[in-house]
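# Analysis of the macromolecular model
So you can see what is in the structure, the chains are spelled out below.
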Amino acid sequence: RLRKWQRRIRVSDASERNLAFALSELDRIASKLGLPRNVRENAAVLYRGAVEKGLIRGRSIEGVAAAALYAACRRCKVPRTLDEIAEVSRVDRKEIGRTYRFISRELNIRLAPTNPVDYVPRFASELKLPGEVESKAISILKDAGKKGLTSGRGPTGVAAAAIYIASVLQGTRRTQREVADVAGVTEVTIRNRYKELTEHLDIDVTL
Amino acid sequence: MEPEIKIVNVVVSTQIGTDIDLEYAADVLDNAEYEPEQFPGLVCRLSDPKVALLIFRSGKLNCTGAKSKSDAEIAIKKIIAELKEAGMEIIDNPEVSIQNMVATTELGMEPNLDDISTLECTEYEPEQFPGLVYRLSDPKVVVLIFGSGKVVITGLKKIDDAYTAFNKILTTLKELEEEFY
DNA sequence: ATATTACTTTTCAAAGC
DNA sequence: GCTTTAAAAAGTAATAT
């Protein structure tokens, strides 16, 4: 009947409006965080998948959008922390984290734990460090991983310590404060990871 | 050789009455707090069995922080005695049931959490928490595994399940070890 | 620069919002 | 879902000395 059609049109109108809102939210957060196009597209695909499976029910569009972006960043190897995404979202870190867990499970997306190595290019670039420091930091992280020095530790903290050490070794030193600020960790964390890495990997950092 | 597993927390529930006057109970009990605006239950802390008890208007009571079921029962008997002395209508020997237990133990080795996280029944987000979350369906418990090899088992209804769960996980981890060898 | 204290995760019941 | 209670694990954070 006519009413049925009207309802369908209304529903489809609402769906389109919601999708448009979600996509604009993805774009807003993505541009604020300076995320590349492929990440936005990946997040959009995840969001559409969530809509198709009815995962939005009981959840806010903004929360799902933020979670999709968080997942997309990790998939594309350009991770942002939950805190970084929460900073530019209206949704808090706890809600984004729980929504991320929910959609990744429902969409059968299993992401490996964030690799500290994935944070190195971004942090090193923000610190204006040369490619040699980046390579050195990555090799330190690979050795650290083999020795179990990264398990259970926050990826950003380990990455920050590796970059700090590499910057000193390559003669382009950045202070712990500078590295801590771009990595979003405290100097105490860098010091703790620094001690662990230099001791267990026999790295001589003579100043 | 049974692994040494320690019970570090026992949560128990029971019924000590029908319509408890929490305002009155709060005045009678020593370390009691009752702020209905904040939480509907009365909170009471005991020091000898070091526990915390939550008493509700319905007469339902929860006891947390005990190291064993008997410790929880001792604590509940003490509270019952105090309330009875104050002239309240309280059930004498209520049947208590274990709602949850938390246990700790050790793996005896330093596991590779990244490898274990490939299992579908696990969650591992070091950015958020250093422990890997391992959900077992039989027995239905949750196990936290740390890089140090320390383990926390929670969601336990009976002590035996801690051993069953721990051995099941050990077996799975051995198989994983061969896979990633 | 180090020492506290506190919060992250998981589990469970209770009554009410 | 949240509120409150307890407890362990290890990392990180905020604040005190």
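None of the values given here were measured: they were computed from a predicted structure.

## Some points on the overall build of chain B
Regarding its fold elements, chain B presents four helices and 10 strands. Taken over the C-alpha trace, chain B has a radius of gyration of 20 Å; the compact-globule value for 181 residues is 16 Å, which it surpasses by more than 25%. Counting over 181 residues, chain B shows a buried share of 43%. Looking at chain B alone, contacts between residues at least 24 apart form 59% of all its contacts between residues at least 6 apart. With an accessible surface of roughly 10300 Å², chain B has 48% of that area assigned to carbon and sulfur atoms. Positive and negative side-chain charges in chain B, numbering 17 and 33 respectively, have mean positions lying 4 Å apart.

## Considering the interface of chain A and chain B
Between chain A and chain B, the residue contacts involve 15 residues of the former and 15 residues of the latter. Area buried by chain A at its contact with chain B is led by Arg-110, Pro-113 and Gly-152 of chain A, which between them contribute 45% of it. Along the contact surface separating chain A from chain B lie two salt bridges. Measuring nitrogen to oxygen at the nearest pair gives 3.8 Å for the salt bridge that ties Glu-123 of chain B to Arg-101 of chain A. On the surface where chain A and chain B come into contact, there are nine residue pairs in polar contact (both at pLDDT 80 or more). Elements that contribute at least two residues to the side of chain A that touches chain B include exactly helix 3 (61–75) and helix 5 (93–106) of chain A. When residues in the side of chain A that touches chain B are grouped by element, the largest group, three residues, is from helix 5 of chain A. Each residue belonging to the side of chain A that touches chain B can be placed in one class, and the counts come to six nonpolar, four polar and five charged.

## Section: the protein's contact with DNA strand C
What surrounds DNA strand C is a group of 23 residues, the closest being Pro-40, Arg-57, Ser-58, Asn-100 and Arg-135 of chain B. Take the atoms of DNA strand C that sit within 4 Å of the protein: sugar and phosphate atoms are 64% of them. Here Thr-154 of chain B contributes a side-chain N or O atom positioned 2.9 Å from a base oxygen of DNA strand C. For the surface near DNA strand C, the elements supplying multiple residues, two or more each, are helix 5 of chain A together with strand 5 (60–66), strand 6 (97–106), strand 9 (140–145) and strand 10 (150–156) of chain B. Looking at the surface near DNA strand C, its residues break down into nine nonpolar, seven polar and seven charged.

## Some points on the side chain of Thr-150 of chain A
Residues and elements named next belong to chain A. With respect to the helices, strands and loops of the structure, Thr-150 is situated in the loop between helix 7 (131–146) and helix 8 (155–169). Relative accessible area serves as the criterion here: at 15%, Thr-150 is assigned to the buried category. Contact partners of Thr-150, with chain neighbours within four places excluded, come to Ala-144, Gly-145 and Val-158.

## Remarks on the pairing of strand 8 (residues 132–137) of chain B
Consecutive side chains of a regular strand alternate in pointing toward one face of the sheet and then the other. Residue and element names in this part refer to chain B. The sheet contact formed by strand 7 (residues 122–123) and strand 8 spans two bridges and is antiparallel. Note on strand 8: the bridge partner recorded for Thr-122 is Tyr-134. Hairpin remark: strand 8 followed by strand 9, antiparallel, with two residues in the connecting loop.

## Section: the protein's contact with DNA strand D
Every one of the 30 residues lining DNA strand D counts as a neighbour, but Thr-189 and Arg-193 of chain A together with Arg-45, Lys-50 and Ser-148 of chain B are closest to it. Of all DNA strand D atoms lying within 4 Å of any protein atom, the proportion belonging to sugar or phosphate reaches 75%. In this structure, Gly-154 of chain A approaches DNA strand D through a main-chain N or O atom, which is 2.8 Å from a phosphate oxygen. Within the side chain of Arg-193 of chain A, one N or O atom sits 2.5 Å away from a phosphate oxygen of DNA strand D. For the surface near DNA strand D, the elements supplying multiple residues, two or more each, are helix 10 (187–200) of chain A together with strand 1 (6–15), strand 4 (51–55), strand 5, strand 6 and strand 10 of chain B. Looking at the surface near DNA strand D element by element, the count peaks at three residues for strand 1 of chain B. Residue classes in the surface near DNA strand D are distributed as 12 nonpolar, 11 polar and seven charged.

## Focus on the pattern of salt bridges
It is possible for side chains of opposite charge to pair when their charged atoms get near one another. A full pass over the atoms with the stated rule returns 20 salt bridges over all chains. Across the pair Asp-118 of chain A and Lys-77 of chain A runs a salt bridge, and its minimum N-O distance is 3.7 Å. Placement of Asp-118 of chain A in the loop between helix 5 and helix 6 (120–126) and of Lys-77 of chain A in the loop between helix 3 and helix 4 (82–87) is noted, with a sequence separation of 41 residues between them. For Asp-118 of chain A, a relative accessible area of 17% translates into the label buried. In this structure, the salt-bridge partner of Arg-45 of chain B is Glu-33 of chain B, at a minimum N-O distance of 3.7 Å. Note that Arg-45 of chain B is positioned in strand 3 (residues 42–46) and Glu-33 of chain B in strand 2 (residues 32–33), a separation of 12 residues in sequence. By relative accessible area, which is 40% here, Glu-33 of chain B ends up partly exposed. Here the salt bridges do not stand alone but share partners, grouping Arg-177, Asp-181, Glu-187 and Arg-191 of chain A into one network.

## Section: the packing of aromatic side chains
For any pair of aromatic rings, the description rests on two quantities: the centre-to-centre distance and the angle between the ring planes. Residue and element names in this part refer to chain A. This structure, assessed with the given rule, holds five aromatic pairs over all chains. Ring plane angle 85 degrees and centroid distance 4.9 Å describe the contact between Tyr-70 and Tyr-100, whose orientation is recorded as edge-to-face. With Tyr-70 in helix 3 and Tyr-100 in helix 5, the pair connects residues that are 30 residues apart, well separated along the chain. Accessibility assignment for this pair places Tyr-70 and Tyr-100 in one class, buried. Consider the rings of Tyr-119 and Phe-123, whose centres lie 5.4 Å apart with planes at 15 degrees: the pair is stacked. When the ring centre of Phe-102 is taken as origin, the NZ or CZ atom of Arg-59, which lies over that ring, is 3.6 Å away.

About the cut-offs
Residues numbered from 1 in each chain as written. Chains lettered and ligands numbered in written order. Predicted model: local features only at pLDDT ≥ 70, side-chain atom pairs only at ≥ 80, totals over all residues. Heavy atoms only, no water. Helix = DSSP H or I, 4+ residues; strand = E, 2+ residues; numbered from the N terminus. Rg over C-alpha atoms; globule rule 2.2 N^0.38 Å. Buried < 20%, exposed > 50% of the residue type's maximum accessible area, 1.4 Å probe, protein only. Contact = heavy atoms within 4.5 Å. Areas by Shrake-Rupley, 256 points an atom, 1.4 Å probe, with all protein chains shown as cover. Lys, Arg positive; Asp, Glu negative; His and termini not counted. Charge placed at Lys NZ, Arg CZ, Asp CG, Glu CD. Buried area = accessible area lost by both parts, 1.4 Å probe. Salt bridge = Lys/Arg side-chain N within 4 Å of Asp/Glu carboxyl O. Polar contact = N/O pair within 3.5 Å; in protein donor to acceptor, adjacent residues only side chain to side chain. Nonpolar A, V, L, I, M, F, W, Y, C, P; charged D, E, K, R; others polar. Near = heavy atom within 4 Å. Pairing = 2+ DSSP bridges. Phe/Tyr/Trp six-rings, centres within 6.5 Å; stacked < 30°, edge-to-face > 60°. Lys NZ or Arg CZ within 6 Å of the ring centre and 35° of its normal.

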